[in-house]
Amino acid sequence: MAEDEECGGNVKQLLSKLFGVSLRATVPGEPDVEPLIAACTAKFGDYQCNNAMGLWSKIKGKHSDFKGPPAVGQAIMKNLPLSEMIESCSVAGPGFVNVVLSKNWIAKILQKMLIGGIDSWAPRLPVKRAVVDFSSPNIAKEMHVGHLRSTIIGDTLARMLEFSKVDVLRRNHVGDWGTQFGMSIEFLFERFPNLEGINEQAIGDLQAFYKASKQRFDTDPEFKERAQKAVVCLQGGDTKYRQAWAQICEISRKEFDKVYKRLGVHLEEKGESFYNPYIPGIIEALDNQGLIEESEGARVIVVEGHNIPLIVVKKDGGYNYASTDVTALWYRLNEEKAEWIIYVTDVGQQDHFHMVFKAAKRAGWLPDGESMYPKANHVGFGLVLGEDGKRFRTRATEVVRLVDLLDEAKSRSKKELVGRGRANEWTEEELEQTAEAVGYGAVKYADLKNNRLTNYTFNFDQMLDIKGNTAVYLLYAHARICSIIRKSGKDEDELIRMGNVVLDHPDERVLGLHLLRFGETVEEACTNLLPNVLCEYLYNLSEHFTRFYSNCQVVGSAEETSRLLLCVATAVVMRKCFFLLGIEPVYKL
C-alpha cells in the first residue's frame, strides 16, 4: 500500500518496481538493467515487460543457461514477486511478458483516488524548479495569432509541471529593448512633444502606431537618423527617453493583459531589458574561458555542427538576441536555480536556441548528456494556417489580432447557445460564462490536440463542432456526466464515503483501467513536452465512458452505486485534464 502512495497510482512505476526485483533475480550478473514497461495495445494484457530480447543480447555467450529470449521471458515471469495488482501473466513472442491487472486492485486504486483527491495521482518528476519561457510578444506591437500557440502551449506545459509538484517560473521574455524603440520613441515625441497626455486612448491602436512609425523610418532619412540617435539615448539612460520607453511598455502591457485575461494565463514579465546589466559580465566571463573569438569585426562563439558562429557582440559593439539569450540562460541557471529551462517559440528559432544551448555546454553551464540535469529544451511549433493553406491573415493581409480572434470565438459560441434556447433558461451571467468557456476552450483545444511541430488550419466551424475530437464535444460529455449524477439524486460525498467500486462488466474494467493511466499520461506529456498526448487521453476517456454508459445501466440498476462512482471518477479526471489544458469546464449545456 505504501508503494501505491509513493508512486501516486502510476501503474508503470509500480510494475517497474516488481519487475526490477524479478530482473535482479533472473540475471544477478547484470545489476543495472532498467525495467522496460509499456502499456499494451494488443489483446494479450494491460502492460508488457520488454526486457527479454535486450537481456539475451547481453548474456548470450556468458555461460548462460537460457536458450533464447523466450526462456529469458519465462524466467522473468517466474521470478516476479506475488502482488495483489497482478491477476495473471503470460509470455508471448520473443519473451514479451504480458501482465493482466487485477480488476479488484484497479477498483481499489480508483476508490483511493476518490477519497484522497486527484492530486494523489500527480507524477513525480526528477526536478524541483523549472523555467517555462513562453508567449513573449514584442512591446509596441499587438499580440496576433502568431503568439497564440506559444501562449497556449507554454501555459499547458507550465500547468502540467505545476501539477507534478514542480516550482514553475512562468517567464514572459517580452521584446522590450532594441532598435525598434528608437523610431517608436521619436514618433511619440512628434505627437506629444511634452510627453503629456500619453495613454492608450491617445496613442490609439498600437499596431497602427507601430506601422506609422516604421513607415516614417523607412521613407524619411532625417527621421531615421533621429530614431537611431534615440536608441543611443535610450541605452545611455537618458531620463526623457527612458520615460517615453516606460510609457510605451506600460500601454503595451495593458493590451497584452486583455489577451491573458481571456485565456486565463498568468506570466511574470522579465523582458530583454532585465538582462542588459548582466550582459557585459557574462561576455567577459566567456572571454576569460577562451570561448569568444573575433570574426569579421564581431565577437562570436564557435558552435560545433553549425556553419555560422553565434554572434554575441556585433561589429558596432552592440548586443543582440544571442547576447540576451545566453545571459538569460546563465541567470536562470545561476540566480533562479532552475534545473529545467523550456523555451516555447516557433520552429524557425530552433537552430538559434540549439546554438545557445551548445555554447552553454562549452562554458560548462549545462552537462553534455541530453537526459542529465540541469537541462534546456526548445519547444518548437508550426504555423497557424488559414483556409487557403497560407499563414493565417485577415482579408486585408494583416495578421489577425488575438483579442479579435478570441472575441469572435466567444461570440459564435454564444450565438449557438442562444439558438438552442439557453438565453430563456439561464441567467445572462451563466450564458456569458459558458460562451467564454466553450469559445476560448475550443480555440485552445484545436491547437493543443495537434502535435505541436505540425502546422494546423484555423477553422471556427471545425473547432466549435459538437461532434468529433473538439473541446465542445468533450465539454458536452462532461456536462452529461454531471447531469447523470445530479439526476440520480445521490450525494457525491456520501457515495464516496459509503460506496465501493466494482468492475465486473468488461466496459467498466476498460474505463477503470483508462482512468488509472491518467498519471503516467501526464508524466509522458511532461517528459516529452507534448500536450497532444494529454488531449488524446482525454478524448479516449470520453469514448470509453460513452461505451460504458451505452452498455451499463447506471441509475436504477443493481450496480447503481458503483457505476455512479465510476461517473464521479470520470468527471474528476476530465476536470483535471481540462484544468491542465487551460479549459474551463461546464456543468450544464
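Just above, that's the structure.
Sequence order sets the numbering: in each chain, residues are counted from 1 along the sequence as written. Local features are withheld for residues below a pLDDT of 70 in this predicted model, meaning they are given only at 70 or higher, and side-chain atom pairs are given and counted only at 80 or more; totals for whole chains, interfaces and linings count all residues. Note that the side-chain values use all heavy atoms of the structure and ignore hydrogens as well as water.

**Points about the pairing of strand E5 (residues 129–133)**
Regular strands place side chains that alternate from one sheet face to the opposite one. The classification of residues rests on relative accessible area computed with a 1.4 Å probe and restricted to protein chains. Under 20% of the type maximum is buried, over 50% is exposed, and intermediate values are partly exposed. A helix here means a DSSP run of H or I that spans at least four residues, while a strand means a run of E at least two residues long, and both kinds are numbered starting from the N terminus. Burial runs high along E5: four of the five residues are buried. Where the polypeptide runs from E5 across helix H6 (residues 146–163) and back to strand E6 (residues 167–172), its parallel neighbour, the crossover connection is right-handed. When DSSP locates at least two bridges between a pair of strands, those strands are taken to pair. Alignment of E5 against strand E11 (residues 340–344), held across four bridges, turns out to be parallel. Paired with Ala130 across the strands is Trp340, a residue of E11. When the strands point away from the viewer and the path from the first strand over the helix to the second turns clockwise, the crossover is right-handed.

**Description of the packing of helix H13 (residues 279–288) against helix H14 (residues 321–334)**
An axis is simply a line fitted to the C-alpha atoms; with a helix, the fit covers only the stretch in contact. Between two such axes, the angle follows the N-to-C directions and lies from 0 to 180 degrees. Packing of H13 against H14 brings their axes to within 10 Å, and their N-to-C directions diverge by 85 degrees. In this view, H13 runs roughly perpendicular relative to H14, as classed from their interaxial angle. Between H13 and H14, the contacting residues are Ile279, Ile282 and Leu286 on the first element and Ser323, Thr324, Val326, Thr327 and Trp330 on the second. When residues are sorted by character, Ala, Val, Leu, Ile, Met, Phe, Trp, Tyr, Cys and Pro go into the nonpolar class, Asp, Glu, Lys and Arg into the charged class, and all the rest, Gly among them, into the polar class. For the contact of H13 with H14, the residue count by class is five nonpolar, three polar and no charged. Note on terminology: angles under 35 degrees are roughly parallel, angles over 145 are roughly antiparallel, angles of 65 to 115 are roughly perpendicular, and the others are oblique. Contacts are residue-level and defined by heavy atoms, with any inter-residue pair within 4.5 Å sufficient.

**Some remarks on the environment of Val312**
Along the polypeptide, Val312 turns up in strand E10 (residues 310–313). Taking the relative accessible area as the measure of exposure, Val312 reaches 0% and is therefore buried. Taking the C-alpha atoms as reference points, Val312 and Val300, separated by 12 residues in sequence, lie 5.5 Å from one another. Leaving out residues up to four positions away in the same chain, Val312 has contacts with Ile283, Ile292, Arg299, Val300, Ile301, Tyr319, Asn320 and Ser323.

**A short note on the side chain of His478**
Inspection of the secondary structure assignment puts His478 in helix H20 (residues 471–488). Beyond its immediate stretch of four places on either side in the chain, His478 contacts Ala571, Met574, Arg575, Phe578, Pro585, Val586 and Tyr587.

**Re the sheet that holds strand E9 (residues 298–301)**
Spatial strand order, E8-E9-E10: three strands in an open sheet with antiparallel pairing. Looking at the sheet topology across the chains shown, the edges are occupied by strand E8 (292–295) and E10. Direction aside, the axes of adjacent strands within the sheet are offset by 45 degrees on average. Two elements, E9 and E10, share three bridges in a ladder whose sense is antiparallel. If you follow Val300 over to E10, its bridge partner there is Ile311. Seen against the sheet, helix H15 (residues 350–362) touches E9 and E10 and runs at an angle of roughly 70 degrees to E10.

**Looking at the packing of aromatic side chains**
How two aromatic rings sit relative to each other is set out by the distance from centre to centre and by the angle between their planes. Between the rings of Phe, Tyr and Trp (Trp by its six-membered ring), a pair exists once the centres lie within 6.5 Å; its type follows the angle of the planes, with under 30 degrees stacked, over 60 edge-to-face, and the other angles tilted. A full pass over the atoms with the stated rule returns 20 aromatic pairs. Plain terms: the ring middles of Phe274 and Tyr331 are 5.1 Å apart, the flat faces sit at 85 degrees to each other, and that makes the pair edge-to-face. Residue Phe274 is found in helix H12 (residues 272–275), and its partner Tyr331 is found in helix H14; the two are separated by 57 residues along the sequence. Here Tyr331 falls in the buried class, since its relative accessible area comes to 10%. With a centroid separation of 6.2 Å and an interplanar angle of 35 degrees, the aromatic rings of Phe353 and Phe357 are classed as tilted. Of this pair, Phe353 and Phe357 both sit in helix H15, four residues apart, which is roughly one turn of that helix. Taken individually, Phe353 and Phe357 each receive the classification buried, so the pair is uniform in this respect. One aromatic cluster in this structure is built from Phe274, Tyr275, Tyr278, Trp330 and Tyr331. The criterion for a charge sitting over a ring is simple: Lys NZ or Arg CZ within 6 Å of the ring centre, and within 35 degrees of the ring normal. Residue placement shows Arg242 over the ring face of Trp245; its charged tip is 5.9 Å from the ring centre.

**Focus on the nonpolar core**
By nonpolar core is meant a set of buried Ala, Val, Leu, Ile, Met, Phe, Trp, Tyr and Cys residues that side-chain atoms within 4.5 Å join together. Grouped together as the largest cluster of nonpolar side chains are 160 residues, with contacts concentrated most on Leu15, Leu161, Phe458, Phe518 and Val573. For this core, the leading source of residues is helix H25 (residues 560–580), giving 13 residues. If you count residues domain by domain, this core takes at least three from each of domain 1 (11–101) and domain 2 (179–262). Discounting residues that sit within four places of it in the chain, Leu161 has contacts with Leu125, Ala130, Val132, Val166, Val168, Trp340, Ile342 and Cys526. Residue ranges for the domains trace back to a domain assignment, done automatically or taken from a database.

**Side note on the pairing of strand E4 (residues 96–101)**
Pairing between strand E2 (residues 47–49) and E4: three bridges, direction antiparallel. Of the residues in E4, the one forming a bridge with Gln48 is Asn98. One ladder, built from six bridges, connects strand E3 (residues 86–92) with E4; its direction is antiparallel. Of the residues in E4, the one forming a bridge with Ser88 is Val100. Joining the antiparallel neighbours E3 and E4 is a turn of three residues, in which Gly93 adopts a positive phi near 50 degrees.

**Observations regarding the sheet that holds E4**
Strands sit in the order E1-E2-E4-E3 across an open sheet of four strands; the sheet is antiparallel. At either end of the open sheet lies a strand with only one pairing partner, and these are strand E1 (37–39) and E3. The sheet shows a mean angle of 25 degrees between the axes of neighbouring strands, direction not considered. Where helix H4 (residues 69–78) meets the sheet, it contacts E2, E3 and E4, and its direction lies at approximately 170 degrees from that of E3.

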